[in-house]
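Below, each chain spelled out in residue letters.
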Amino acid sequence: MRQLLLRPGAEELSYEIRGIVKKARQIEALGYGMTWENIGDPIQKSNRIPDWMKSIIAELLKEDQTYGYADSKGVLETRRFLADLNNEKGGAQISAEDVLFFNGLGDAIAKLYQFLVPTARIIGPSPAYSTHSSAEAAHANAAPITYKLDPDNQWLPDMEDLYLKVKYNPSIVGILIINPDNPTGMVYPKEILEGFVRIAEEFKLLLIADEIYQNITYNGIKAVALAEVIGNRPAISLKGISKEFPWPGARCGWMEFYNREASEEFSKLCQTLENAKMIEVCSTILPQLSIPRIMSHPAYFSYRGRANAQIGKRSEWMREILGEIDGIKFNPTQGAFYNTIVFEEGRLSENQFLPIEDQKLKDLLDSWLTEPNMPLDKRFVYYLLAAERICVVPISSFCSDLRGFRVTLLEENEDVFKDTFTRLGKAIQSYLNS
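Everything numeric in this text was worked out from a predicted model, so none of it was measured.

## A word on the sheet that holds strand β7 (residues 206-210)
The pairing of strands in a sheet comes from backbone hydrogen bonds and takes either a parallel or an antiparallel form.
Part 1 of the argument: Taking strand neighbours across the sheet as the criterion, the 8 strands line up as β2-β9-β8-β7-β6-β3-β4-β5 in an open arrangement whose pairing is mixed. Each edge of the open sheet carries a strand with a single partner, namely β2 (99-102) and β5 (156-157).
Part 2 of the argument: Strand direction decides the pairing type here: strand β8 (residues 235-240) and strand β9 (residues 253-258), joined by 6 bridges, are antiparallel. Its bridge partner lying in β9, L238 is registered against M255.
Part 3 of the argument: Contacts from helix α5 (residues 130-140) reach β3 (121-126), β6 (172-178), β7 and β8 within the one sheet, and its direction differs from that of β3 by about 150°.
Part 4 of the argument: Across the sheet, helix α8 (residues 264-280) touches β2, β7, β8 and β9, and the angle it forms with β9 is around 155°.

What follows is the structure, encoded as structure tokens:
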């Protein structure tokens, strides 16, 4: 080309969660079935949408307004409803004007980082959710800056690590919190959230909380919202319906701005995000119209409670199957529907393998293993794909120095769930002992 097309940092945009699918599809092309544990899509795992929820959507399709534009910031009735939900928590108070809709949280995250100056860095957790870490790195033309989540302490953040990185890196202007966390399934206790707020207060930082899994907790755990502890600090909460209803295909997420007048720079950022949405005209209207009707339906909270209880039960099954395997670090999940399993340091090598009888599968695997500088957990994931046809995601792809993999807790068929993780457990043991 006459000139370079891509600016530095663009190559940081990657999404191994879906990238691994290309390998799995090659195996399917050979006639094998695949067990998908790579992505948090409840619909893919046979989640049944209740009839009353479908009826609400069907009725909305009969209304003419469903086919028009919404307000640029989102349907006013829905924004008022969501502001009221937040305000009932008794923390930071907002109005409908502090709620801004996007076409899914991926769209919201991209917009958020797009308008930050490249020298303004948002430090986020590691293991990191790829949508955040890739967008932050691409905007900054540099690798992401992260603080550690500790697998030896129930995946809670290393607050000293965070404090020191913030203190000695003046380019950091904000802290990202994912609560409940993806990919670990950890839920922040209130005192940890208060620790984030203290650091933000000391260094005058913006707080960003991805809270899309806020209402998906179980086994006695409840998530505390950032709004409950934020005080007067400027902050943004990211929320959506793709996991909670669930309706991932709706592509419907939103931002809530807290204390937008507390900082002139933050107020400008909020206004810029709103202006960007005005240029686009609006986000999808059908799911926005559905939110108040679904979330205020008398069956909604019992429906969500039953769904959470089922995820909690699967979390216990997973603990029973994988919790005592030698060579890995296992933490039961508390929220969202993921678990990150880490290999103990020094337990992986380039000589380990799983037996594969089909020569076509073996040849396919051999072609994958030629990738340069392949992390050892990715090598295990490729062997697992070829040997057991189970598709998981390596933790090295989540901007982490740890080596392990992420799975989901979404499979609703008990027999299939237990069979999948029993096979996975045996594969881990076989691989480590090979």
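## Observations concerning helix α13 (residues 414-433)
Part 1 of the argument: Along its 20 residues, α13 runs 29 Å from first to last C-alpha, staying within 8% of the 28 Å computed at 1.5 Å per residue.
Part 2 of the argument: Among all positions in α13, only F417, T420, F421, L424, G425, A427, I428, Y431 and L432 are buried. Buried residues in α13, looked at end-on, bunch into an arc of 160°, giving them a common side. Along α13, the residues that are exposed and aim more than 90 degrees away from the buried face are D415, K426 and N433.
Part 3 of the argument: Near the N-terminus of α13, the side chain that reaches the backbone nitrogen of D415, with its oxygen 3.0 Å away, is that of N413.

## Focus on the packing of helix α2 (residues 51-60) against helix α9 (residues 285-295)
Part 1 of the argument: Closest axis-to-axis distance for the α2/α9 pair is 10 Å, and the angle between their directions is 130°. Taken together, the axes of α2 and α9 are oblique relative to one another. The two elements α2 and α9 cross, and the hand of that crossing is right-handed. Contacts between α2 and α9 involve W52, M53, I56, I57 and L60 on the former and, on the latter, L286, L289, S290, R293 and I294.
Part 2 of the argument: A per-class count over the contact of α2 with α9 returns 8 nonpolar, 1 polar and 1 charged.

## Section: the pairing of strand β4 (residues 146-150)
A regular strand places its side chains on the two faces of the sheet in alternate fashion.
Part 1 of the argument: Bridge count for β3 against β4 is 3 bridges, and the pairing is parallel. Paired with G124 across the bridge in β4 is T146.
Part 2 of the argument: Alignment of β4 against β5, held across 2 bridges, turns out to be antiparallel. Bridge assignment links L149 to a residue of β5, and that residue is P157.
Part 3 of the argument: Joining the antiparallel neighbours β4 and β5 is a turn of 5 residues, in which Q154 adopts a positive phi near 55°.

## What to know about the nonpolar core
Part 1 of the argument: One finds M255, F380, L385, F405, L424 and I428 to be the most contacted residues of the largest nonpolar core, which totals 76 residues.
Part 2 of the argument: Those residues in contact with I428 that lie beyond four places of it in its chain are I325, I328, F343, F380 and F405.
Part 3 of the argument: If you look at the next biggest cluster of nonpolar residues, it comprises 58 residues, including A70, V224, L226 and A227.

Thresholds applied
Residues numbered from 1 in each chain as written. Predicted model: local features only at pLDDT ≥ 70, side-chain atom pairs only at ≥ 80, totals over all residues. Heavy atoms only, no water. Pairing = 2+ DSSP bridges. Helix = DSSP H or I, 4+ residues; strand = E, 2+ residues; numbered from the N terminus. Contact = heavy atoms within 4.5 Å. Axes fitted to C-alpha atoms, helices over the stretch in contact; angles between N-to-C directions. Expected span 1.5 Å × (residues − 1). Buried < 20%, exposed > 50% of the residue type's maximum accessible area, 1.4 Å probe, protein only. Arc of directions from axis to C-beta. Polar contact = N/O pair within 3.5 Å; in protein donor to acceptor, adjacent residues only side chain to side chain. Parallel < 35°, antiparallel > 145°, perpendicular 65-115°, else oblique. Left-handed = near helix turned anticlockwise from the far one by under 90°. Nonpolar A, V, L, I, M, F, W, Y, C, P; charged D, E, K, R; others polar. Core = buried A, V, L, I, M, F, W, Y, C linked by side-chain atoms within 4.5 Å.

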